[in-house]
Every structure is written in structure tokens, then in C-alpha cells.
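Chain and residue survey
Residue-level listing of the chains:
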Amino acid sequence: MIEFNHEYWMKRALQEAENALQADEIPVGAVVVCNNQIISRAHNQTEQLTDVTAHAEILAITSAASYLGTKFLNDCTLYVTLEPCLMCAGAIHWARFKEVVIGARDEKKGFSTQVLHPFHPKTKVVWDVMESENSEILKRFFAKKR
């Protein structure tokens, strides 16, 4: 079996961010990987669903839990293009991911501006995977809005 690296999976999350951008949503994408395959993918849908909780991470977690039939995702890795907000960090904590891989930091609303490590103690965190690509899509979105 071929093992894919963090960049490979982050590119899949970035594709989801592109889907959000096309839907005029804040371009954040997420994928959940388990046993070297994507079991869920999502992008922000807060405008489309008129739901402030419809962040990419929340939607991906819900879908992955449903797919696996369990609320704990401790054998899974979450790839997300932007540092999760505090709400999503809480959901990630309760899902007990094995690993969280974050593309770009969110200096304004990311969890790290409020707490140091909100995830489950056994969760490994990897930062800044494809940071420039993940930051660029957000810059394009907000430049269009201004």
C-alpha cells in the first residue's frame, strides 16, 4: 500500500477550499483520512446552509463519524486548510483525532489565539503544511469582498 504524505492530503483539503470559494463561502476545506483513504470531505457552508456551525471541520467530523459508526475518530487524521476556530477545536477535541494537520494559521480567530492546545492530549498537531497556498486562497476571497 502506498503511504501518502501530508502535502498529498492537504491538496485534497485545498480542493474543498476551492469548492467553498466557488460557492462564495470563506474558503476553508477539510478532509478526514483513515487507513490511507479519505472517509469524509467538506468545505465551509455557513452561507449556503444559513448555519453558523457549518464550518468545514464540523461537517467533515459529522460525516466521518457517520461513515465509521463511532463518535471517536482516534485512528484518523484531520487535514484542514485554516487553523480551526475555538468551536471547531472543541469538536476536534471531543472526536479524539490521532492527528490534526493545519495549513495556515488564523491570527485573528484561530484557537491558538485563545488557548494553547485544546485538542485531546494524545492528538498530534502538525502546522503550516502548504501554508502559502492555503493563505493565498483566503486572500483572494477577501480581496474580492473588499
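Being a predicted model, the structure only gives us computed values, none of them experimental.

Bringing the overall build of the protein into the picture now. What the protein contains, in helices and strands, is four helices and five strands. Traced from its N-terminal end to its C-terminal end, the protein shows the element sequence α-β-β-α-β-α-β-β-α. For the C-alpha atoms alone, the extent of the protein along its principal axes is close to 40 × 35 × 30 Å. Buried residues in the protein amount to 49% of all 146 residues.

Moving on: the sheet that holds strand E5 (residues 124–126). Strands sit in the order E2-E1-E3-E4-E5 across an open sheet of five strands; the sheet is mixed. The open sheet is flanked by strand E2 (37–43) and E5, the only strands paired with a single partner. Neighbour to neighbour, the strand axes of the sheet diverge by 15° on average, direction disregarded. Examined bridge by bridge, strand E4 (residues 99–104) and E5 share three bridges and lie parallel to one another. Within the sheet, the bridge partner assigned to Val100 lies in E5 and is Val125.

This next bit is on the packing of helix H1 (residues 6–22) against helix H4 (residues 131–145). Relative to each other, H1 and H4 sit at 5°, their axes nearing to 10 Å. In terms of their interaxial angle, H1 and H4 are classed as roughly parallel. From H1, Met10, Leu14, Ala17, Glu18 and Leu21 reach across to H4, where they touch Glu133, Asn134, Ile137, Arg140, Phe141 and Lys144.

This paragraph deals with the UniProt feature "binding site: Zn(2+)" (unreviewed entry) in the protein. The positions that UniProt labels "binding site: Zn(2+)" (unreviewed entry) are, in the present scheme, His55, Cys85 and Cys88. Annotated residues spanning 34 residues; largest pairwise C-alpha distance 9.3 Å, indicating a single compact cluster. When only the residues just named are considered, the largest pocket is lined by His55, Cys85 and Cys88. Tracing the backbone through its elements, the reader meets His55 in the loop between E2 and helix H2 (56–68). Ignoring any residue separated from it by four or fewer positions in sequence, one finds His55 in contact with Asn44, Thr46, Cys85, Met87 and Cys88.

Moving on, we get to the pattern of salt bridges. What the rule picks out here adds up to six salt bridges. Among the ionic pairs, Glu7 bridges to Lys11, the shortest N-O distance being 3.8 Å. With a gap of four residues between them, Glu7 and Lys11 both fall in helix H1, about one helical turn apart. One salt bridge connects Arg140 with Glu18, and the closest N-O pair in it is separated by 3.2 Å.

Between its first and last C-alpha, H4 extends 22 Å over 15 residues, near the 21 Å set by a 1.5 Å rise per residue. Of the positions making up H4, those classed as buried are Asn134, Ser135, Ile137, Leu138 and Phe141. Burial along H4 is one-sided: seen end-on, the buried residues are contained in an arc of 155°. In this structure, H4 carries Lys139, Ala143 and Lys144 as exposed residues pointing more than 90 degrees from its buried face.

Another aspect to go through is the nonpolar core. In terms of nonpolar packing, the biggest core is built from 40 residues, with Val32, Tyr79 and Phe97 touching the most fellow members. Those elements that place two or more of their residues in this core are H1, strand E1 (29–34), E2, H2, strand E3 (76–82), helix H3 (86–95), E4 and H4. Among the elements that make up this core, the one with the highest residue count is H1 (six residues). What Phe97 contacts, discounting residues up to four positions off in sequence, is Val32, Ile61, Leu73, Asn74, Cys76, Thr77, Leu78, Ile92 and Thr123.

Rules used throughout
- Residues numbered from 1 in each chain as written.
- Predicted model: local features only at pLDDT ≥ 70, side-chain atom pairs only at ≥ 80, totals over all residues.
- Heavy atoms only, no water.
- Helix = DSSP H or I, 4+ residues; strand = E, 2+ residues; numbered from the N terminus.
- Buried < 20%, exposed > 50% of the residue type's maximum accessible area, 1.4 Å probe, protein only.
- Pairing = 2+ DSSP bridges.
- Axes fitted to C-alpha atoms, helices over the stretch in contact; angles between N-to-C directions.
- Parallel < 35°, antiparallel > 145°, perpendicular 65-115°, else oblique.
- Contact = heavy atoms within 4.5 Å.
- UniProt positions renumbered as here; feature names shortened; annotations may be inferred.
- 1 Å grid on protein atoms, 1.4 Å probe; cavity = no way out; pocket = protein on both sides within 12 Å on 5 of 7 lines; lining within 4 Å.
- Salt bridge = Lys/Arg side-chain N within 4 Å of Asp/Glu carboxyl O.
- Expected span 1.5 Å × (residues − 1).
- Arc of directions from axis to C-beta.
- Core = buried A, V, L, I, M, F, W, Y, C linked by side-chain atoms within 4.5 Å.

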